[in-house]
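Examining the three-dimensional arrangement
Listed here are the chains, written in short residue letters.
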Amino acid sequence: MKTVNHWIGGKTVEGASGNYGPVTDPATGEVTTQVALASADEVDAAVRVAQEAYQSWGQSSLAARTKVLFAYRALLDANRDAIAELITAEHGKVHSDALGEVARGLEIVELACGITTQLKGELSTSVSNRVDVAAIRQPLGVVAGITPFNFPAMVPMWMFPLAVACGNTFILKPSEKDPSAANKLAELASEAGLPAGVLNVVHGDKVAVDALLSHPGIAAVSFVGSTPIARHIHTTASANGKRVQALGGAKNHMLVLPDADLDAAADAAVSAAYGSAGERCMAISAVVAVGSIGDELVEKIRERAEKIKIGPGNDPDSEMGPLITAAHRDKVASYVKGAADQGADVVLDGTGYTVDGFEQGHWIGLSLLDNVKTDSDAYRDEIFGPVLCVLRAETYEEGVALINASPFGNGTAIFTRDGGAARRFQLEIEAGMVGVNVPIPVPVGYHSFGGWKDSLFGDHHIYGNDGIHFYTRGKVVTTRWPDPSEAPAGVDLGFPRNH
């Protein structure tokens, strides 16, 4: 059986705790790998290695850092398929989707390659008599990232490239459900010339997470995951004096107005709801149909959903793969089974779905629920599976009020031909990311990703300028160089004044 160990100090380090967790191939249900689960002592050892590396990396030149990052970008590009294959084997998503994940992660590496521009300071000369003021940004030290199973390559790349470009050293704790991609990313970084100890990967479960949150040697923690865990991360790490960005769960809505192109809206709804088996924090999980278009829109979605090919992620014909675990598959199925009792019309029931030859895989089909009530479990909870809820609203105003009443505010979209309605929507909707005729409005790398309300805990979004500010802290330097002929000013106990 394959074993995934830690990556610390530029090399593979076997788990000292003796604890290992299973990693399953979702398409077959077979345990193919075991992953080391770190103890608090192992986390401490990784922090000490990262602290030692920071002494030199934090003082390194921008030229030295960007040289490594450009080389890293080239290696990632050359190894896209290899990384995607690891993702498919442990997560289950189809190969093309895994390749897309790697591509979006590369955007942030490319942003990090331009860190020289992003870290330019500010200088004001002669603010007072022979006085200049400069503002600079400096790294924090050792920082950590705790990442989810659904994007085992992309979300880590949302974090550590910017962190190390800014001069920090990094400890990554990826999901123990699909850990291999993280190690591959670290190995390639070492091959690109990143010094030992700058990027470390520590595998583990709650024990490792809690050790990171409480360790005095870690200055900041970045997290992506569910809302309950994000709230815990934010509360615990903040109480231990750390800077925190914790991105939580979502219930992303798509508002479809009566004037919308319903074929385009149906295509978008199916793509955004069922891609990656719905295991995306930016998946559309609720469509709000406005006016009389509901029945027609639901029928168009049903027609398209029934044609989706479900199968192993390494099958080129597959459009959607299995869910990450059997337990998660069963949980997702429970929402569909309970929907009718809570007033919904079950248009498509994907529970009980299997794939010939892969009967033990974590399969579930596409489910479509219509006339869903806002107090039902299927609507209130983040299902994180291929279940699309359709709700009805009589007017634009009613639809917006429904969306804004949700405790989540990650992403949302509107489909319409009306520019005035679209403009109102982007200003009135309470969410961090908005799409206009774009169902999954994930920003490009040089903007920032993050939600509102229970979808974000902390002050900073991830990547973009927010990411750079998160991994650095500001410093203002005021200098005065007197002229050699200038007489000493003498003692003055008054409050300093500019003149």
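So, here's what we can say about the structure.

Conventions and cut-offs
- Residues numbered from 1 in each chain as written.
- Predicted model: local features only at pLDDT ≥ 70, side-chain atom pairs only at ≥ 80, totals over all residues.
- Heavy atoms only, no water.
- Helix = DSSP H or I, 4+ residues; strand = E, 2+ residues; numbered from the N terminus.
- Contact = heavy atoms within 4.5 Å.
- Polar contact = N/O pair within 3.5 Å; in protein donor to acceptor, adjacent residues only side chain to side chain.
- Pairing = 2+ DSSP bridges.
- Axes fitted to C-alpha atoms, helices over the stretch in contact; angles between N-to-C directions.
- 1 Å grid on protein atoms, 1.4 Å probe; cavity = no way out; pocket = protein on both sides within 12 Å on 5 of 7 lines; lining within 4 Å.
- Points joined across faces, edges and corners; volume = space filled by probe spheres on them.
- Salt bridge = Lys/Arg side-chain N within 4 Å of Asp/Glu carboxyl O.
- Expected span 1.5 Å × (residues − 1).
- Buried < 20%, exposed > 50% of the residue type's maximum accessible area, 1.4 Å probe, protein only.
- Phe/Tyr/Trp six-rings, centres within 6.5 Å; stacked < 30°, edge-to-face > 60°.

1. Digging into the environment of Asn-183
Within the fold, Asn-183 resides in helix H7 (residues 180-191). Along the sequence, Asn-183 and Ile-83 sit 100 residues apart, while their C-alpha atoms lie 10.0 Å from each other. Leave out the neighbours within four places in its chain, and Asn-183 touches Val-4, Asn-5, Val-201 and His-203. Among the polar contacts listed, one links the side chain of Asn-183 to the backbone oxygen of Asn-5, at a separation of 2.9 Å.

2. Things to note about the sheet that holds strand S23 (residues 472-480)
In any sheet, the strands associate via hydrogen bonds between backbone groups, in a parallel or an antiparallel arrangement. One open sheet holds the three strands; their spatial order is S6-S7-S23, and the pairing between them is antiparallel. Edge positions in the sheet fall to strand S6 (122-128) and S23, since each has one partner strand and no second. Along the sheet, successive strands turn relative to each other by an average axial angle of 25°, direction set aside. Examined bridge by bridge, strand S7 (residues 131-139) and S23 share nine bridges and lie antiparallel to one another. Paired with Asp-132 across the two strands is Thr-479, which belongs to S23.

3. Some details on empty space enclosed by the protein
Rolling a probe over the atoms, with the probe sized like a water molecule, indicates the empty space that remains. Following the criterion strictly, the structure yields four cavities of 30 Å³ or more and no others. Its volume calculated, the largest cavity comes out at about 130 Å³. Considering the residues around the largest cavity, the lining is formed by 15 residues, among which Gly-278, Arg-280, Ala-283, Ser-285 and Phe-384 are closest to the centre.

4. Quick notes on the pattern of salt bridges
Side chains that differ in charge, positive against negative, can pair when their charged atoms come close. By the definition in use, this model includes 26 salt bridges. Among the salt bridges present, the one from Arg-280 reaches Asp-97, with a minimum N-O distance of 3.0 Å. Taken together, the positions of Arg-280 in the loop between helix H10 (262-274) and strand S14 (284-290) and Asp-97 in helix H4 (residues 95-113) put the pair 183 residues apart, joining distant regions of the chain. Arg-304 is paired through a salt bridge with Asp-267; the nearest N and O atoms lie 2.4 Å apart. Of this pair, Arg-304 sits in helix H11 (residues 294-305) while Asp-267 is found in helix H10, placing the two residues 37 residues apart along the sequence. It is possible to trace a salt-bridge network through shared partners that takes in Arg-73, Asp-77, Arg-80 and Glu-110.

5. Section: helix H6 (residues 154-165)
Across its 12 residues, H6 extends 17 Å between first and last C-alpha, which sits within 8% of the 16 Å expected from 1.5 Å per residue. Every buried residue of H6 is accounted for by Met-154, Val-155, Pro-156, Met-157, Trp-158, Met-159, Phe-160, Pro-161, Leu-162, Ala-163, Val-164 and Ala-165. Taken from the residues just after H6, Gly-167 is the one with a positive phi, measuring 105°.

6. A short note on the packing of aromatic side chains
Summed over the entire model, instances satisfying the criterion amount to seven aromatic pairs. A ring pair is formed by Tyr-72 and Phe-160, whose centres lie 6.2 Å apart and whose planes are at 50°; its orientation type is tilted. A residue pair is termed long-range when its members are at least 10 positions apart, and Tyr-72 in helix H2 (residues 62-78) and Phe-160 in helix H6 qualify at 88 residues. Looking at Phe-160, the relative accessible area reads 3%, which means it is buried.

7. With respect to the sheet that holds strand S19 (residues 411-415)
With mixed pairing, the seven strands of this open sheet are ordered in space as S15-S16-S17-S14-S13-S19-S20. Two strands bound the open sheet, and with one partner strand each, they are strand S15 (345-348) and strand S20 (433-436). On average, each strand axis in the sheet is tilted by 20° relative to the strand beside it, whichever way the strands run. Bridge count between S15 and strand S16 (residues 367-370): three bridges; the pairing is antiparallel. What sits directly across from Val-346, in S16, is Leu-369. Along the sheet, helix H12 (residues 326-339) contacts S15, S16 and strand S17 (387-393); its crossing angle with S16, the most-contacted strand, is approximately 35°. Against the sheet, helix H15 (residues 419-428) engages strand S13 (252-256), S19 and S20, with an angle of about 170° to S19.

8. Structural notes on the side chain of His-6
Assignment of secondary structure puts His-6 in strand S2 (residues 6-8). On the accessibility criterion, His-6 (1% relative accessible area) is buried. At 3.1 Å, the side chain of His-6 forms a polar contact with the backbone nitrogen of His-203. In this structure, His-6 is in contact with Lys-11, Thr-12, Val-13, Glu-14, Gly-15, Ala-36, Leu-37, Ala-38, Glu-42, Val-201, Val-202 and His-203, ignoring residues within four places of it in sequence.

9. A word on unusual backbone geometry
One non-glycine residue, Ser-276, lies in positive phi territory at about 55°. By relative accessible area, Ser-276 is classed as buried at 7%. Phi angles above zero are rare outside glycine, and Asn-437 is one such case at about 60°. Looking at Asn-437, the relative accessible area reads 39%, which means it is partly exposed.

Note that every value here comes from positions in space, so none of it alone points to a role or purpose.
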